[in-house]
Amino acid sequence: MGYFAHINDLGIVEKVISINNLVLGEPANTFPGTEPIGVDFISNTLKFGESWKQTSYNKSFRKNYAGIGYTYDPTRDAFIAPKQYPSWILHEESCTWKAPIEKPEGSWYWDEETISWKEITNDPN
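(A) Molecular detail of the nonpolar core. Core analysis: the biggest nonpolar cluster contains 9 residues, these being Ala78, Ile80, Trp88, Leu90, Cys95, Trp97, Ala99, Trp110 and Trp117. The residues contacting alanine 78, other than those within four sequence positions of it, are Arg62, Lys63, Thr71, Tyr72, Asp73 and Cys95.

(B) Spatial organisation of unusual backbone geometry. Put simply, glutamate 26 and proline 27 share a cis peptide bond, and its omega is 10 degrees. Considering the arrangement of structural elements, one finds proline 27 in the loop between helix 1 (21-24) and helix 2 (34-45). Each neighbour pair has its own omega, and for phenylalanine 31 with proline 32 the value is 15 degrees, a cis peptide bond. With respect to the helices and strands, the residue proline 32 is situated in the loop between helix 1 and helix 2. The backbone phi angle of lysine 59 is positive, close to 60 degrees, even though this residue is not glycine. Structurally, lysine 59 is set in the loop between strand 3 (52-55) and strand 4 (71-73). Although it is not a glycine, arginine 62 adopts a positive phi angle of roughly 60 degrees. Looking at the element boundaries, arginine 62 is found in the loop between strand 3 and strand 4. For arginine 62, a relative accessible area of 8% translates into the label buried.

(C) Just the pairing of strand 1 (residues 2-7), in detail. Burial runs high along strand 1: 5 of the 6 residues are buried. Where strand 1 folds back onto strand 2 (residues 13-19) in an antiparallel hairpin, the turn is made up of 5 residues, including glycine 11, whose phi is positive at roughly 85 degrees. Inspection of the sheet shows strand 1 paired to strand 3 by 4 bridges, in the antiparallel sense. Across the sheet, residue phenylalanine 4 finds its bridge partner in strand 3, namely glutamine 54.

Cut-off values and rules
Residues numbered from 1 in each chain as written. Predicted model: local features only at pLDDT ≥ 70, side-chain atom pairs only at ≥ 80, totals over all residues. Heavy atoms only, no water. Core = buried A, V, L, I, M, F, W, Y, C linked by side-chain atoms within 4.5 Å. Buried < 20%, exposed > 50% of the residue type's maximum accessible area, 1.4 Å probe, protein only. Contact = heavy atoms within 4.5 Å. Helix = DSSP H or I, 4+ residues; strand = E, 2+ residues; numbered from the N terminus. Pairing = 2+ DSSP bridges.

Spelled out as structure tokens, the structure:
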């Protein structure tokens, strides 16, 4: 299957659909050659409009598999998940959000108020 993300005018993914590999000419044709074929099929056959980008389920291109609410960044040619916490920083290589402090080993959760990791304990108090 080939997967395509519909991007709105703000660069936000609104839906993701799949297209059969035979329509895309796979396996003989691969990304980026499959993208214009898929966009043409979506626009002209399915009549779903334009502004579609191909996304990779195994992250072999565009860094991350697109999800609803993700942003498409044309400069990075990447899909980026919504930011979990205001203090988190975008890791350029993977285009994923990372805490400003490395997570310790074990069970921890992020506390945005203190900008720190808090250990998860079984203590109910």
